[in-house]
Amino acid sequence: MSRFKAAIFDLDGVIADTACLHFAAWQRLAQQEGFEIPGDADERLKGVDRMASLDIVLERTEPGRYSHEQKQELANRKNRHYQQLITMLTPQDMLPGAKTLLDQLTAWSVPMALASASKNAQAVLEGLGIAHQFQYIADAARINHPKPDPEIFLTAAAGLNLPPSECMGLEDAAAGVTAIKRANMFAVGVGDPKALAEADLIVASLEDFDAKTFFGPQA
Ligand code: BG6
Ligand code: MG
């Protein structure tokens, strides 16, 4: 009997090496607009939705510099820059260990879902050539409460028709790990142990995740 029946993945920073592309898109916007992005933004932008990310990158600008409508336009423009960058994604842009893990779980018929804050998740999965390996994608556009709220992970479990306690969630952002725990799932943190201390298990990358222990036929 396997310990868990399904795996629910965050995308950016867990499977896809896209954090640098999000950042490059914000930097292009900052250059166009002539503002400076805070030095610690790179880490803080992880897992944060588009408008909340914009608030972070604008922290160094004078308050009131942009109206609500202008902020919307800035976010849309950043998104166009990002969409241009992800057209170049290939299977080589998967993070270490991700391909092996997805292939193992597929071979063992373990259902997989995606719980990503990104509205570009489907395009990224297609660029990486792995869209067909997911049984359910929680649509970020329909989620009302961003991580650390558990809504997106609960939606993904419901999409797989499984109780959350039988699902494992995998995340690289602290807010994402909190969301998994609030959803009553086992949380695997991928990355910095200090930032992800709330996780039940922390690995430096998916290469270090021993899938057999949790999902293998003998688990
Ligand atoms: C998250 C990323 O997965 O998605 C964030 O970690 C990003 O950096 C967020 O801002 C929203 O992405 P998008 O593609 O909808 O702008
Ligand atoms: Mg992430």
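Model, not experiment: these values are computed from the prediction.

Trainee: Where do I start with the coordination of the magnesium ion (ligand 2) in this structure?
Mentor: Tetrahedral coordination by four donors places them ideally at 109.5 degrees to one another around the metal; octahedral coordination by six donors ideally gives 90 or 180 degrees. Within the protein, the magnesium ion (ligand 2) binds to D10 (OD), D12 (O) and D172 (OD); these donor distances fall in the range 2.0 to 2.2 Å. Mapped onto the polypeptide sequence, the residues donating to the magnesium ion (ligand 2) form the spacing pattern D-x1-D-x159-D. Pair noted here: D10 is in the loop between β1 (6–9) and α1 (19–33) and D172 is in the loop between β4 (167–171) and α8 (174–182), with a separation of 162 residues, a long-range link. As far as the burial class goes, D10 and D172 line up, both buried.

Trainee: What is the right way to read the site of ligand 1 from this model?
Mentor: Close to ligand 1 lie 15 residues, the nearest being D12, V48, S118, K119 and N120. With respect to ligand 1, the backbone of L45 contributes an N or O atom lying 3.1 Å from an oxygen atom. At 2.7 Å from an oxygen atom of ligand 1 is found a side-chain nitrogen or oxygen belonging to N120. Look at ligand 1: alone it shows 400 Å² of surface, and the protein chains cover 96% of it. Counting only elements with at least two residues in the shell around ligand 1, the list comes to α3 (50–57) and α4 (68–86). A breakdown of the residues in the shell around ligand 1 according to their chemical character gives four nonpolar, six polar and five charged. Split by domain, the shell around ligand 1 shows at least three residues from each of two domains, domain 1 (6–17 + 90–214) and domain 2 (19–86).

Trainee: Quick question: what am I supposed to make of helix α7 (residues 151–159) here?
Mentor: Side chains three or four residues apart in an α-helix point the same way, a direct result of the helix having 3.6 residues per turn. Residues of α7 that are buried: E151, I152, F153, A156 and A157. The elements touched by buried residues of α7 are β1, β2 (112–114), β3 (136–137), β4 and α8. Downstream of α7 by one or two residues, N161 has phi in the positive range, about 60°.

Trainee: I keep staring at the packing of α1 against α4 and nothing clicks. Help me out?
Mentor: Geometrically, a packed helix pair is captured by the angle between its two axes and the distance between the axes. The contact between α1 and α4 brings their axes to 8 Å, and the two run at 130°. When the axis of α1 is compared with that of α4, the two are oblique. Pair α1 / α4 crosses with right-handed handedness. Along its contact with α1, which presents L21, H22, A24, A25, W26, R28, L29, Q32 and E33, the element α4 presents L74, R77, K78, H81, Y82, Q84, L85 and I86.

Trainee: What should I look at first to understand the pairing of strand β5 (residues 186–190) in this one?
Mentor: Sheet faces and side chains relate simply in a regular strand, where the side chains alternate between the two faces. In terms of residue burial, β5 counts as a mostly covered element, since five of its five residues are buried. Along β5, one buried face is formed by F186, V188 and V190 and the opposite face, lined by A187 and G189, is buried too. In the sheet, β4 pairs with β5 via four bridges, with the strands oriented parallel. Bridging across to β5, L170 finds its partner in V188. Note on the crossover from β4 through α8 to β5: the handedness is right-handed. In terms of strand pairing, β5 meets strand β6 (residues 201–203) through three bridges, oriented parallel.

Trainee: Whenever I open this one, the domain arrangement of the protein chain confuses me. Can you help?
Mentor: In many reports, interface size means the accessible area that the parts give up when they come together. Considered domain by domain, the protein chain is made up of domain 1 (6–17 + 90–214) and domain 2 (19–86). Listed per partner, the contact involves 10 residues of domain 1 and 12 residues of domain 2. Together domain 1 and domain 2 conceal approximately 930 Å² of surface at their shared face, both sides included; 50% is due to carbon and sulfur atoms. Summed over the shared surface of domain 1 and domain 2, the result is zero salt bridges.

Trainee: Got a minute to help me understand unusual backbone geometry in this structure?
Mentor: Here the residue pair K147 and P148 is connected by a cis peptide bond, since its omega of 20° sits within 30 degrees of zero. When you line up the elements, P148 lands in the loop between β3 and α7. Phi at S109 takes a positive value of approximately 55°, unusual for a residue other than glycine. Examined against the element boundaries, S109 turns out to sit in the loop between α5 (98–107) and β2. Residues other than glycine seldom take positive phi values, yet N161 does so here, at roughly 60°. Among the secondary structure elements, N161 is positioned in the loop between α7 and β4. Judged by relative accessible area, N161 falls into the exposed class, the value being 69%.

What counts and what doesn't
Residues numbered from 1 in each chain as written. Chains lettered and ligands numbered in written order. Predicted model: local features only at pLDDT ≥ 70, side-chain atom pairs only at ≥ 80, totals over all residues. Heavy atoms only, no water. Donors = N, O, S within 2.8 Å, 3.2 Å for Na, K, Ca; no water. Helix = DSSP H or I, 4+ residues; strand = E, 2+ residues; numbered from the N terminus. Buried < 20%, exposed > 50% of the residue type's maximum accessible area, 1.4 Å probe, protein only. Near = heavy atom within 4 Å. Polar contact = N/O pair within 3.5 Å; in protein donor to acceptor, adjacent residues only side chain to side chain. Areas by Shrake-Rupley, 256 points an atom, 1.4 Å probe, with all protein chains shown as cover. Nonpolar A, V, L, I, M, F, W, Y, C, P; charged D, E, K, R; others polar. Domains from an automatic or database assignment. Contact = heavy atoms within 4.5 Å. Axes fitted to C-alpha atoms, helices over the stretch in contact; angles between N-to-C directions. Parallel < 35°, antiparallel > 145°, perpendicular 65-115°, else oblique. Left-handed = near helix turned anticlockwise from the far one by under 90°. Pairing = 2+ DSSP bridges. Right-handed = clockwise from strand over helix to strand, strands pointing away. Buried area = accessible area lost by both parts, 1.4 Å probe. Salt bridge = Lys/Arg side-chain N within 4 Å of Asp/Glu carboxyl O.

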